[in-house]
Amino acid sequence: MSMEFGFVAVPFKQDGYMHELFKDEPDLDDPKEGVVLLDTQGEDDLSIGYLGLNISGVRAMNEMTQGAFLELCEGTENQRYILLEPRKQHLARLREMLPNLPEDIGWQKELKKRLACLLDNADVYLAEHGTRAAMLIY
């Protein structure tokens, strides 16, 4: 149940699976026509250098956000993408919670940084790509 995140602009109107985005599934560097891979900003500031959560991180993030994190992601299934436009309310709710999330313990502070990174990227790509903006979950 670990989850890594990235961002992409897609020509589709609904959520889907990663194999729909790439010409050759094992090679995630070769997107199909109309698919634009977007660089995730701020990953260098995270302890492991990429935007992801292990099993306990997913559980802790969801607990810290009172279930809002997995509501945004619509579960823990990997190898898919979700459109961001229909989830603006979820993103806003998480953004509102962010300043009040606990950071008494080092891992809580790191989870808060990861959530801030995810939200910042989602906001930027929603502004740039609108209805085409999507989050990869892999």
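Residues numbered from 1 in each chain as written. Predicted model: local features only at pLDDT ≥ 70, side-chain atom pairs only at ≥ 80, totals over all residues. Heavy atoms only, no water.

Asks: Looking at this structure, I do not really get the nonpolar core. What am I missing?
Replies: Nonpolar side chains tend toward joint burial in soluble globular proteins. Formed by 36 residues in total, the largest nonpolar core has its most connected members in Phe5, Phe7, Phe69, Leu84, Leu115, Leu118 and Met135. Looking at this core, the elements with two or more residues in it are strand E1 (3–9), helix H1 (55–64), helix H2 (68–73), helix H3 (88–97), helix H4 (106–129) and strand E8 (133–137). For this core, the element with the most residues is H4, which contributes 9 residues. Residues contacting leucine 115, with those up to four places away along its chain left out, are Met61, Thr65, Phe69, Leu94, Leu98 and Leu101. Met18, Phe22, Val35 and Leu136 belong to the second largest nonpolar core, which has 10 residues in total. (Core = buried A, V, L, I, M, F, W, Y, C linked by side-chain atoms within 4.5 Å. Buried < 20%, exposed > 50% of the residue type's maximum accessible area, 1.4 Å probe, protein only. Helix = DSSP H or I, 4+ residues; strand = E, 2+ residues; numbered from the N terminus. Contact = heavy atoms within 4.5 Å.)

Asks: Which parts of the structure should I look at to understand unusual backbone geometry?
Replies: The general pattern is negative phi for most residues beyond glycine and trans for most peptide bonds. Unlike most non-glycine residues, glutamate 74 shows phi in positive territory, near 55°. Within the secondary structure layout, glutamate 74 lies in the loop between H2 and strand E7 (80–83). Glutamate 74 sits in the exposed class, given a relative accessible area of 53%. Unusually for a residue other than glycine, glutamine 79 sits at a positive phi of about 60°. Positionally, glutamine 79 belongs in the loop between H2 and E7.

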